[in-house]
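Here are the chains, one letter per residue:
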Amino acid sequence: MPIEPSAKVWGALLHGASVCGDAELGKLICDHWFEIEPENTGNYIIMTNLYSQAGRWQEADMIREKMRNVGRKKVSGSSWIETSGGLHSFIVKDRSS
């Protein structure tokens, strides 16, 4: 490419690979994306999900292990709702090991 692709470009490509279920293309994309944004847990989660959807459980576990080794944890999902009684927040609890 005439210019280096940004993390956003790699993210869009990974999303496309995920939609198509192409784990091999996803791996190629993640190899580049992990170099640019190793701290972004979303990269690891998307790739883990892509491997899991393809039934490639060992590779999914390897990505989870890589995430642990670099000291990253998935951020819990959360949402907020405002009512007449005030603002309420809800946080998802991850029960996986």
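Each remark here, short or long, concerns the structure printed above.
Note that residues are indexed from 1 along each chain, following the sequence as it is written. Where totals are concerned, whole chains, interfaces and linings use all residues; where local detail is concerned, this predicted model gives features only for residues with pLDDT of at least 70, and gives and counts side-chain atom pairs only at 80 or more. Each side-chain value is derived from all of the structure's non-hydrogen atoms; neither hydrogens nor water enter the calculation.

Details of the pairing of strand 1 (residues 78-83)
Reasoning step 1: Strands are treated as partners if at least two bridges between them are detected by DSSP. What counts as a helix is a DSSP run of H or I of at least four residues, what counts as a strand is a run of E of at least two, and both are numbered from the N terminus. Here 6 bridges tie strand 1 to strand 2 (residues 86-91), and the two strands are oriented antiparallel to one another. The residue bridging Ile81 from the neighbouring strand is His88, located in strand 2.
Reasoning step 2: Between strand 1 and strand 2, which pair antiparallel one after the other, the connecting turn spans 2 residues.

Quick look at the pattern of salt bridges
Note that side chains of opposite charge can pair when their charged atoms are close.
Reasoning step 1: Here a salt bridge means any side-chain nitrogen of Lys or Arg lying within 4 Å of a carboxyl oxygen belonging to Asp or Glu. Tallied over the full model, the rule gives 5 salt bridges.
Reasoning step 2: Residues Glu59 and Arg56 are paired through a salt bridge, measuring 2.8 Å at the closest nitrogen-oxygen approach.
Reasoning step 3: A residue is classified by how much of its surface remains accessible, and Glu59, at 26% relative accessible area, is partly exposed.
Reasoning step 4: Taken together, the salt bridges that share partners define one network made up of Glu24, Arg56 and Glu59. The buried label goes to any residue with under 20% of its type's maximum accessible area, the exposed label to any with over 50%, and the partly exposed label to all in between, with areas taken from a 1.4 Å probe on protein chains only.

Comments concerning the side chain of Asn43
Reasoning step 1: Along the chain, Asn43 turns up in helix 3 (residues 41-53).
Reasoning step 2: The class for Asn43 is buried, based on a relative accessible area of 0%.
Reasoning step 3: The residues contacting Asn43, other than those within four sequence positions of it, are Leu14, Cys30, Trp33, Phe34 and Glu37. Contacts between residues were defined by any pair of non-hydrogen atoms, one from each residue, lying within 4.5 Å.

A closer look at the packing of aromatic side chains
Reasoning step 1: Under the pairing criterion, centres of Phe, Tyr and Trp rings, with the six-membered ring standing for Trp, must be within 6.5 Å; the plane angle then separates stacked pairs below 30 degrees from edge-to-face pairs above 60, leaving the rest tilted. One pass over the structure, following the stated rule, counts 1 aromatic pair.
Reasoning step 2: A ring pair is formed by Phe34 and Tyr44, whose centres lie 4.5 Å apart and whose planes are at 20 degrees; its orientation type is stacked. Residue Phe34 is found in helix 2 (residues 23-36), and its partner Tyr44 is found in helix 3; the two are separated by 10 residues along the sequence. Each member of the pair, Phe34 as well as Tyr44, is classed as buried.

Remarks on helix 1 (residues 7-20)
Reasoning step 1: Helix length check: helix 1 (14 residues) gives 20 Å between terminal C-alpha atoms against 20 Å at 1.5 Å per residue, within 8%.
Reasoning step 2: Those residues of helix 1 lying buried are Ala7, Trp10, Gly11, Leu14 and Ala17. Buried residues in helix 1, looked at end-on, bunch into an arc of 120 degrees, giving them a common side. For helix 1, the exposed residues set more than 90 degrees away from the buried face come down to Lys8, Ala12, His15, Val19 and Cys20.
Reasoning step 3: Next to the buried residues of helix 1 lie helix 2 and helix 3.
Reasoning step 4: Once helix 1 finishes, Gly21 follows within two positions and takes phi at roughly 70 degrees, a positive value. Here, expected helix span is obtained from the residue count minus one, scaled by 1.5 Å. The arc under discussion is defined with respect to the helix axis, by the directions toward the C-beta atoms.

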